[in-house]
Amino acid sequence: MSEPTSDLSPPPSPEKHPLPVLSVRQLGKTFRMGDRQTQALHDINLSVNKGEFVCLIGASGCGKSTLLRVLAGFETATTGTVEMYGKPITGPGPERGMVFQDFGLFPWLTVKENIAFGPHQRGLPKANLDELANKYMHMVGLEKFSDFYPGQLSGGMKQRVAIARVLANECEVLLMDEPFGALDALTREKLQQDLLEIWERTRLTIIFVTHSVEEAVMLSDRVVVMTAGPGRIEQDVPLHLARPRDIVGIEFNQVRRDVTQLLTSHVSMKVAA
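Residues numbered from 1 in each chain as written. Predicted model: local features only at pLDDT ≥ 70, side-chain atom pairs only at ≥ 80, totals over all residues. Heavy atoms only, no water.

Student: Just to check I follow, could you spell out the packing of helix α2 (residues 111-121) against helix α4 (residues 155-168) for this structure?
Tutor: Geometry of a packed helix pair, given as the angle between the helix axes and the separation of the axes. Put simply, α2 and α4 touch, their axes get as near as 7 Å, and they point 30 degrees apart. As summarised for this structure, α2 and α4 are arranged roughly parallel, according to the angle between their axes. As α2 runs across α4, the sense of the crossing is right-handed. Only V161, A164, R165 and A168 of α4 make contact with α2, whose side of the interface consists of V111, N114, I115 and P119. Its residues assigned to classes, the contact of α2 with α4 shows 6 nonpolar, 1 polar and 1 charged. (Axes fitted to C-alpha atoms, helices over the stretch in contact; angles between N-to-C directions. Helix = DSSP H or I, 4+ residues; strand = E, 2+ residues; numbered from the N terminus. Parallel < 35°, antiparallel > 145°, perpendicular 65-115°, else oblique. Left-handed = near helix turned anticlockwise from the far one by under 90°. Contact = heavy atoms within 4.5 Å. Nonpolar A, V, L, I, M, F, W, Y, C, P; charged D, E, K, R; others polar.)

This is the structure:
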């Protein structure tokens with residue numbers, strides 16, 4: 001892995017497509033519990049183009065994970081529309097892969113079997129399964145651990161398996177719900193760099209939920225700042241920082257301060273009120 005530099009050349013442009021990969025218009029989501037209703041999301045409008053890396057950031061309870069689950073098709077919108085290439089999202093699909101913080105691996109399957117699970121369920125021949133699993137094990141650096149079980153792996157290795165398992169379904173959109181939140185700082189930093197390398201190689205569209213401003217600014221093309229009460233988009237911030245990014249650089253820290261200010265300003269206003 002090369003060290004960050006102060007290179008100011010423009011970042012690679014996402015591949016163009018006539019329609020956004022994902023389009024969210026006037027989305028609202030209300031949860032009902034008995035006679036009570038809780039509005040989790042209100043009037044969400046978001047468009048994500050092919051190949052973009054977008055981070056959703058905000059305090060707990062602002063609806064980041066709920067929005068991600070609606071995009072994945074695990075939750076249905078109460079109001080508004082959610083589309084992929086102009087077609088309504090009505091449920092989960094292999095073109096949209098989800099990676100969770102808790103890995104979600106099958107403990108009775110090996111690394112290779114976990115990665116091949118989705119294609120196996122679709123009836124792919126064994127020779128193709130082996131080729132596909134080997135490809136993505138190599139991509140995440142786990143070739144030597146193909147016969148290990150999840151219980152024999154570190155947290156960082158488990159998350160690599162989870163990412164490879166989604167990639168093996170050959171999805172177009174990778175939805176990631178705080179995937180590195182439970183990891184130690186060194187493992188988290190390494191996986192951030194590995195994820196960027198995978199993104200640059202595959203040009204997947206990635207939507208990544210995080211609480212960390214530094215992580216959002218390090219990874220993404222755009223930072224979507226969300227606020228609660230009910231959840232809404234406060235601001236969509238495009239980033240023009242060159243890659244690789246220098247976390248101690250002047251430009252990086254200016255952007256980090258600006259995003260932090262956006263996150264904390266609404267909290268200050270609520271306290272004052």
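From this point, things continue past the structure.
Student: Could you clarify how one ought to interpret helix α3 (residues 126-139) in this entry?
Tutor: Each turn of an α-helix holds 3.6 residues, which means side chains three or four residues apart point in the same direction. For α3, with 14 residues, the first-to-last C-alpha span of 20 Å sits near the 20 Å given by 1.5 Å per residue. Those residues of α3 that fall on the buried side of the exposure criterion are L129, L132, A133, Y136, M137 and M139. For α3, the angular spread of the buried residues around the axis is 155 degrees, confining them to a single face. Along α3, exposed side chains directed more than 90 degrees from the buried face belong to A127, E131 and H138. The inward-facing, buried residues of α3 contact α2, α4 and α5 (185-202). One or two steps after α3, the chain reaches G141, where phi turns positive at roughly 75 degrees. (Expected span 1.5 Å × (residues − 1). Buried < 20%, exposed > 50% of the residue type's maximum accessible area, 1.4 Å probe, protein only. Arc of directions from axis to C-beta.)

Student: Sorry, what's going on with α2 here?
Tutor: Within α2 the residues assigned to the buried category are V111, N114, I115, A116, G118 and P119. Those residues of α2 that are buried are in contact with α3 and α4. Just beyond α2, the residue with positive phi is G123, at close to 85 degrees.

Student: I keep staring at the nonpolar core and nothing clicks. Help me out?
Tutor: Where a protein is soluble and globular, its nonpolar side chains tend to be buried together. Of all hydrophobic cores here, the largest spans 54 residues; its most connected members are F53, I115, I206 and F208. Apart from the residues lying within four places of it in its own chain, the contact partners of F53 are L195, L196, W199, I206, F208, L219, S220, D221 and R222. One finds L56, Y85, L175 and I207 within the second-largest nonpolar core, a separate group that totals 28 residues. (Core = buried A, V, L, I, M, F, W, Y, C linked by side-chain atoms within 4.5 Å.)

Student: Hey, could you run me through the pattern of salt bridges in this one?
Tutor: Where charged atoms from two side chains of opposite charge approach closely, those side chains can pair. Throughout the structure, instances matching the rule amount to 15 salt bridges. In this structure, K50 engages E172 in a salt bridge whose closest nitrogen and oxygen atoms are separated by 3.7 Å. Taken as a pair, K50 in the loop between β2 (36-48) and β3 (53-57) and E172 in the loop between α4 and β7 (173-177) lie far apart in primary sequence, 122 residues in all. A relative accessible area of 18% means that K50 is categorised as buried. By relative accessible area, E172 is classed as partly exposed at 31%. Among the ionic pairs, E95 bridges to R96, the shortest N-O distance being 2.9 Å. Several salt bridges share partner residues, and in doing so they unite K29, R69 and E75 into one network. (Salt bridge = Lys/Arg side-chain N within 4 Å of Asp/Glu carboxyl O.)

Student: Where do I start with the packing of aromatic side chains in this structure?
Tutor: Between two aromatic rings, the relevant description is the distance of the centres plus the angle of the planes. Following the criterion strictly, the structure yields 7 aromatic pairs and no others. Between F53 and W199, the aromatic rings sit 5.6 Å apart at their centres with planes inclined by 80 degrees, giving edge-to-face as the arrangement. Of this pair, F53 sits in strand β3 while W199 sits in helix α5, and the two are 146 residues apart along the sequence. With respect to burial, F53 and W199 carry one shared label: buried. Following the ring pairs from residue to residue traces out a cluster consisting of F53, F180, W199 and F208. R165 extends its terminal NZ or CZ atom over the ring of F106, reaching a point 5.4 Å from the ring centre. Taking NZ or CZ as reference, R203 lies 4.4 Å from the ring centre of W199, over its face. (Phe/Tyr/Trp six-rings, centres within 6.5 Å; stacked < 30°, edge-to-face > 60°. Lys NZ or Arg CZ within 6 Å of the ring centre and 35° of its normal.)

Student: How should I be thinking about the pairing of strand β9 (residues 222-227) in this particular structure?
Tutor: Along β9, 6 of the 6 residues are buried, which leaves the element largely enclosed by surrounding structure. Alignment of β3 against β9, held across 4 bridges, turns out to be parallel. In the strand pairing of β9, C55 is matched with V223. Pairing geometry for β9 and strand β10 (residues 232-238), over 6 bridges, is antiparallel. Following the sheet pairing, V225 is matched in β10 by Q235. (Pairing = 2+ DSSP bridges.)

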